[in-house]
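Breakdown of the fold
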Amino acid sequence: MKILDLFESYLRLERGLSDNTATAYRLDVEKLAGWLVAEADAPVDDEAFMALLRGVGEPCLHTFMASLADLGISARSRARILSGVKSFFHFLWLEKVVEADPTALLEAPQVSKTLPEVLTVEEVDAMIGAVDLGKDEGLRNVAMMETLYSCGLRVSELVNLQISRIRFDAHMILVEGKGSKQRMVPMSERAAEVISGYLADPCRPQPQPGEEDIVFLNRRGRRLTRQMVFIIVKGLAEEAGIRRTISPHTLRHSFATHLLEGGANLRAIQMMLGHEYISTTQVYLHTDTSALRREILTHHPRNMAAAKPAQ
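First, a word on scope: everything that follows refers to the structure included in this document. Since the structure is predicted, the reported quantities are computational estimates derived from the model, not experimental observations.

Take unusual backbone geometry next. The phi torsion at Lys-96 lies on the positive side, around 60°, for a residue other than glycine. Looking at the secondary structure, you find Lys-96 in the loop between α5 (75-94) and α6 (121-129). Despite not being glycine, His-171 has its phi angle at roughly 55°, a positive value. Here His-171 is to be found in the loop between β1 (166-167) and β2 (172-176).

With that out of the way, let us pick up the pattern of salt bridges. This model, assessed by the stated rule, comprises 16 salt bridges. Between Glu-8 and Arg-12 there is a salt bridge, and its shortest N-O distance comes to 2.3 Å. In this pair, Glu-8 and Arg-12 are both assigned in helix α1 (residues 2-14), four residues apart and thus about one turn of the helix distant. You can call Glu-8 buried: its relative accessible area is 14%. When salt bridges that share partners are traced, they join Asp-5, Glu-8, Arg-12, Asp-19, Arg-26 and Glu-30 into one network.

Let us now look at the sheet that holds β1. Strand order in the open sheet made by the three strands is β1-β2-β3, with antiparallel pairing throughout. Of all strands in the sheet, those bounded by a partner on one side alone are β1 and β3 (182-186). Pairing of β1 with β2 involves two bridges; the strand directions are antiparallel. Its bridge partner being in β2, Arg-167 is matched across the sheet by Met-172.

What follows concerns the packing of helix α2 (residues 19-40) against α5. In contact at an axis separation of 8 Å, α2 and α5 are set at 90° when each is read in the N-to-C sense. On the basis of their axis angle, the class for α2 and α5 is roughly perpendicular. Two secondary-structure elements touch here, α2 through Tyr-25, Asp-28, Val-29, Lys-31 and Leu-32 and α5 through Arg-80, Ile-81, Ser-83, Gly-84, Val-85, Ser-87, Phe-88 and Phe-89. Tallied by class, residues from the contact of α2 with α5 come to seven nonpolar, three polar and three charged.

Reading the values: the criteria
Residues numbered from 1 in each chain as written. Predicted model: local features only at pLDDT ≥ 70, side-chain atom pairs only at ≥ 80, totals over all residues. Heavy atoms only, no water. Helix = DSSP H or I, 4+ residues; strand = E, 2+ residues; numbered from the N terminus. Salt bridge = Lys/Arg side-chain N within 4 Å of Asp/Glu carboxyl O. Buried < 20%, exposed > 50% of the residue type's maximum accessible area, 1.4 Å probe, protein only. Pairing = 2+ DSSP bridges. Axes fitted to C-alpha atoms, helices over the stretch in contact; angles between N-to-C directions. Parallel < 35°, antiparallel > 145°, perpendicular 65-115°, else oblique. Contact = heavy atoms within 4.5 Å. Nonpolar A, V, L, I, M, F, W, Y, C, P; charged D, E, K, R; others polar.

Next comes the structure, spelled out in structure tokens:
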């Protein structure tokens with residue numbers, strides 16, 4: 001539908017969202033569009049669909065959200081869908097398609113906050129050690145794992161990483177994150193070493209036209225897909241004997257958690273992760289409760305006074 005094409009263009013061009021985010025928002029709105037068309041129970045062209053949108057009110061959206069719950073869609077997924085729908089109606093209001101935004105007072109479903117899995121340093125080493133260096137893609141996978149863990153990249157940032165943005169002499173990489181925002185991220189000596197070795201590896205495929213500056217390539221010389229990175233990471237976790245659910249995001253979270261536990265400043269971690277708000281970093285990270293208890297017992301003045309030997 002034409003209005004959805006315009007909405008997607010608005011997200012990319014005016015709001016500066018990444019291709020992945022804009023596509024995800026469109027897919028969320030398409031769920032609403034499909035539901036509205038099904039409720040209309042009649043053929044719907046662009047003009048008729050616009051009329052349906054003008055008739056949408058808050059009760060209608062409550063019913064739509066309830067239908068998602070009835071389908072067994074999780075609260076987290078429903079909250080994400082609502083975020084896309086809210087953006088869509090805000091766009092319609094800006095374009096004067098609707099007189100008021102019916103999503104203004106809608107509240108997102110309550111999502112229970114579960115802490116992501118965190119790997120130990122030994123588990124990360126075990127996953128890297130599980131790479132079969134006898135295969136052509138072996139060195140690539142080691143370099144990929146080292147980059148995910150030592151730089152804390154999102155998987156979308158990893159697959160689009162460019163050779164020209166790596167400063168091997170300074171051990172820094174220029175990363176383009178969400179909303180095309182750029183940030184400088186330090187990388188470990190080990191990561192710099194294995195990336196350099198991979199780029200010089202004779203087994204590395206010849207890049208396809210347009211992919212010459214991309215670091216991580218598949219066998220056909222094109223950049224890796226997000227799905228392929230997920231498959232590789234999951235496979236290495238299984239090879240390493242890790243029975244928990246592991247994804248590329250696990251390595252990002254482990255990177256940040258290990259920095260925090262090592263005493264890194266929360267603002268520095270925020271910058272390296274590319275979070276716009278410090279509150280996002282605070283929610284994203286967690287400190288082991290036993291370690292937190294030790295810190296309190298060691299440093300709180302009441303406990304320090306109690307620990308002093310009697311004079």
